[in-house]
Amino acid sequence: GAVVKLFCDLLFGIHIFKVTMPPSFEQLETIKRRIKDSFGLFEIETKEKRGMVDEREIPTIIRSLGINPAQDQLRDLITEIRGEENTTGCVEFDRFEKVMVRILTDEANNYKRDSEEKILRAFRAFDPENKGYIEADTLKNILMTHGDAFRPEEVTELLSVACDEASGNIYYEDYAELLASDGRMDVA
């Protein structure tokens, strides 16, 4: 599904530009196209709500764009994207695009991903025997019961991508570098 595609994009290094000077027309169009593509994966397909997504999908869409906000930053972004007058539970593309263009061009450094070493330390905390992997059931339990809990379908889709089919384990060293990669390219 859409979550698997977004997770794969995240793992395999999507290309969003970290722009250090005002973006060129071409760079801006590339950024806007990527925003539209990610938003479109979750767009509601009814006549009344065309061009909108359920606001609960906004964190996934934001992360698919290579932005990794902390929870408080994420709450602020959702509030800004939703707007105070909006009580529908849906977010319009135009509002989303406006905020995300600003984030991706001017404020990307405020939403850095964790380092590879920090990610490895987190995985290792759940691998006291230093086996180099975490069993899928253990990770599933962690994801569904700690911090910002994943929904069951999100865990299932994540494990379908991250889990080694032969052993049923997540070999975290294989993923730490990819998870730490923010997927952005510097543009001269």
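The structure presented is a predicted model; accordingly, all values stated were derived computationally and were not measured. Counting restarts for each chain: residues are numbered from 1 in the order of the written sequence. Confidence filtering applies because this is a predicted model: local features only for residues at pLDDT of at least 70, side-chain atom pairs given and counted only at 80 or more, and all residues used for totals across whole chains, interfaces and linings. Remark: hydrogens and water are excluded; side-chain values derive from all non-hydrogen atoms of the structure.

### Regarding the overall build of the protein chain
- Under the DSSP-based scheme used, a helix requires at least four consecutive residues in state H or I and a strand at least two consecutive residues in state E, with every element numbered from the N terminus. Across its full length, the protein chain carries 9 helices and 6 strands.
- Three exposure classes are used, based on accessible area relative to the maximum for each residue type with a 1.4 Å probe and protein chains only: buried under 20%, partly exposed in between, and exposed over 50%. Put simply, the protein chain has 188 residues, and 43% of those count as buried.
- In the protein chain, 67% of the contacts between residues at least 6 apart in sequence involve partners at least 24 apart.
- Summed over all atoms, the accessible surface of the protein chain reaches about 10,700 Å², with 50% contributed by carbon and sulfur. Only heavy atoms enter the contact rule, under which two residues are in contact if any of them lie within 4.5 Å. Accessible surface is estimated by sampling points in the Shrake-Rupley manner with a 1.4 Å probe; for residues, cover comes only from the protein chains shown.

### What to know about helix H6 (residues 116–125)
- Taken together, the buried positions of H6 are occupied by Ile119, Leu120 and Phe123. Buried positions in H6, seen along its axis, are confined to an arc of 100 degrees and lie on one side of it. Taken from the helix axis, the directions to the C-beta atoms give the arc we talk about.

### Things to note about the pattern of salt bridges
- The working definition used for a salt bridge is a side-chain nitrogen of Lys or Arg within 4 Å of a carboxyl oxygen of Asp or Glu. As enumerated under the stated definition, the model contains 8 salt bridges in all.
- Between glutamate 55 and arginine 82 there is a salt bridge, and its shortest N-O distance comes to 2.8 Å. Here the residue glutamate 55 occupies a position in the loop between strand S2 (52–54) and helix H3 (58–64), and arginine 82 occupies one in helix H4 (residues 71–82), the gap between them amounting to 27 residues.
- Residue arginine 82 is classed as partly exposed on the basis of its relative accessible area of 22%.

### Some thoughts on the nonpolar core
- In this structure, Ile35, Ile58, Ile62, Ile81, Phe96 and Met100 are the most contacted members of the largest nonpolar core, which totals 23 residues.
- Per element, the largest residue contribution to this core is 7 residues, and it comes from helix H5 (residues 93–106).
- The residues contacting isoleucine 58, other than those within four sequence positions of it, are Val53, Ile78, Ile81, Val91 and Phe96.
- To qualify as a nonpolar core, a set must consist of buried Ala, Val, Leu, Ile, Met, Phe, Trp, Tyr and Cys residues joined through side-chain atoms within 4.5 Å. Core analysis: the second largest hydrophobic core is formed by 17 residues, Ile119, Val155, Tyr172 and Ala180 among them.

### Thoughts on the packing of aromatic side chains
- Aromatic pairs are defined between Phe, Tyr and Trp rings, using the six-membered ring for Trp, whenever the two ring centres lie within 6.5 Å; interplanar angles under 30 degrees are classed as stacked, those over 60 as edge-to-face, and all others as tilted. Per the stated rule, a full pass over the model turns up 4 aromatic pairs.
- When the ring of phenylalanine 123 is compared with that of tyrosine 172, the centres are 5.3 Å apart and the planes differ by 10 degrees; the resulting orientation is stacked. On the criterion of sequence distance, the pair formed by phenylalanine 123 in helix H6 and tyrosine 172 in helix H9 (residues 172–180) is long-range, its members being 49 residues apart.
- Since its relative accessible area comes to 13%, phenylalanine 123 is described here as buried.
- Ring geometry for tyrosine 133 and tyrosine 171: centres 5.5 Å apart, planes at 55 degrees, overall tilted.

### Side note on the packing of helix H2 (residues 25–40) against H5
- Every axis corresponds to a line fitted to the C-alpha atoms, with the helix fit spanning only the stretch in contact, and the corresponding angles, defined between N-to-C directions, vary from 0 to 180 degrees. One can describe the packing of H2 onto H5 by two numbers: an axis separation of 10 Å at closest approach and a directional angle of 130 degrees. Between H2 and H5, the angle falls in the class oblique. Note on packing geometry: the crossing formed by H2 with H5 is right-handed. Note on element contacts: H5 touches H2 through Phe93, Phe96, Glu97, Met100, Val101, Leu104 and Thr105, opposite Leu28, Ile31, Lys32, Ile35, Lys36 and Phe39.
- Residues belonging to the contact of H2 with H5 are distributed by class as follows: 9 nonpolar, 1 polar and 3 charged. For this classification, under 35 degrees means roughly parallel, over 145 means roughly antiparallel, 65 to 115 means roughly perpendicular, and everything else is oblique. Working rule for handedness: look at the near helix, and if it is turned counterclockwise from the far one by less than a right angle, call the crossing left-handed; if clockwise, right-handed. Each residue receives one of three labels: charged for Asp, Glu, Lys and Arg, nonpolar for Ala, Val, Leu, Ile, Met, Phe, Trp, Tyr, Cys and Pro, and polar for the others, Gly being one of them.

### Structural notes on helix H8 (residues 152–162)
- Here H8 has its buried residues at Glu154, Val155, Leu158, Leu159, Val161 and Ala162. One side of H8 holds all its buried residues, which, seen down the axis, span an arc of 160 degrees.

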